[in-house]
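Analysis of the macromolecular model
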Amino acid sequence: MISTGAGTMPPDRPARPNRAALVAAAGRRVPDLIRSGLRVLFCGINPGLYSAATGHHFARPGNRFWPALHAGGFTPRIVDPWQEAELLELGLGITNLVARATTAAAELTSAELVAGRRRLERKVARYGPAWVAVLGVGAYRAGFRRPEARLGRQPERLGPAGLWLLPNPSGLNAHHQLADLAAAFAELRRASIRRPLLPRAGRAG
């Protein structure tokens, strides 16, 4: 729930954007959902036009992030995109590797993805999440220059945070069904509960 100063109330569902609103959303940003000391900071590739038009992460109907988050055990129910502020109370946050909205992630350049990783490093240094979970294998391989990276826990860290690679939850990603996503999210959840805080830098993890 979002605090209003007079109790709490659910945010209103935003209007469905029309075609003109979607076109106008190109290049916009969606504000990070972040604060210090998160258990997991989820990092999308970049906002789609629907998310940019509504101002909420993973907002396009058919995106499976929210059902997978619930099925993986992170939330007690399926949270709607416009209720995303509730995640902060659960120690969860959302950001993007690249801030600008595009019709498809394929429009991003490798240079943008690498620059996005560097910004993410600075963000992690500032806010100190225990884990960073990147949602998108291709973007991770390009941005982190790890062409052989596979799903799951990564051998490297991002500053003080552990790194986890999850599938892209877009409904267009036919390689991974909801059950696959739920299993991947559940594995991350178990790891984040088992070791919510990582050892200090320089020690084996």
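A brief look at the structure comes next. (Residues numbered from 1 in each chain as written. Predicted model: local features only at pLDDT ≥ 70, side-chain atom pairs only at ≥ 80, totals over all residues. Heavy atoms only, no water.)

**Things to note about the sheet that holds strand 7 (residues 161-166)**
Spatially, 4-3-5-7-6 is the arrangement adopted by the five strands of the open sheet, whose pairing is mixed. On the outer flanks of this sheet lie strand 4 (92-96) and strand 6 (152-158), each paired with one strand and no other. Direction aside, neighbouring strands of the sheet carry axes that sit 25° apart on average. As defined by bridge partners, strand 3 (residues 40-44) adjoins strand 4 across five bridges and the pair is classed as parallel. If you follow Val40 over to strand 4, its bridge partner there is Leu92. Across the sheet, helix 7 (residues 178-194) lies against strand 3, strand 5 (131-135) and strand 7, angled at about 165° from strand 7, the strand it touches most. (Pairing = 2+ DSSP bridges. Helix = DSSP H or I, 4+ residues; strand = E, 2+ residues; numbered from the N terminus. Axes fitted to C-alpha atoms, helices over the stretch in contact; angles between N-to-C directions. Contact = heavy atoms within 4.5 Å.)

**Some words on the nonpolar core**
Core analysis: the biggest nonpolar cluster contains 47 residues, and Phe42, Phe65, Leu120, Val132, Leu166 and Phe185 have the highest contact counts within it. Once residues lying within four places of it in the same chain are set aside, the contact partners of Leu120 are Leu41, Cys43, Thr95, Leu97, Val132, Phe144 and Leu158. (Core = buried A, V, L, I, M, F, W, Y, C linked by side-chain atoms within 4.5 Å. Buried < 20%, exposed > 50% of the residue type's maximum accessible area, 1.4 Å probe, protein only.)

**So, the packing of aromatic side chains**
If you walk through the whole model with that rule in mind, you get eight aromatic pairs. Ring centres of Phe42 and Phe185 lie 5.8 Å apart, and the angle between their planes is 15°; on these two criteria the pair is classed as stacked. You can see Phe42 sitting in strand 3 and its partner Phe185 sitting in helix 7, a full 143 residues away along the chain. When sorted by exposure, Phe42 lands in the same class as Phe185, which is buried. When the centroid spacing of 4.9 Å and the interplanar angle of 85° are considered together, the rings of Phe65 and Trp66 count as edge-to-face. Take Trp66: its relative accessible area is 4%, and that puts it in the buried class. (Phe/Tyr/Trp six-rings, centres within 6.5 Å; stacked < 30°, edge-to-face > 60°.)

**Some points on the pairing of strand 3**
Across the five residues of strand 3, five count as buried, placing the element largely inside the fold. Burial along strand 3 is two-sided: the face carrying Val40, Phe42 and Gly44 and the face carrying Leu41 and Cys43 are both buried. Looking at chain direction, strand 3 and strand 5 are connected through four bridges and run parallel. From the neighbouring strand, Cys43 faces strand 5, where its bridge partner is Val134.

**Notes on the pairing of strand 6**
In this sheet, strand 7 lies alongside strand 6 in antiparallel orientation, the contact comprising four bridges. Within the sheet, the bridge partner assigned to Leu158 lies in strand 7 and is Ala161. A loop of two residues connects strand 6 with strand 7, the two strands running antiparallel in sequence, and Gly159 in this loop sits at a positive phi of about 60°.

**Thoughts on unusual backbone geometry**
You will see that Phe58, though not glycine, has its phi angle at about 50°, which is positive. Tracing the chain through its elements places Phe58 in the loop between helix 2 (49-54) and helix 3 (65-71). The residue Arg145 is not glycine, and still its phi comes out positive at about 55°. Inspection of the secondary structure assignment puts Arg145 in the loop between helix 6 (137-143) and strand 6.

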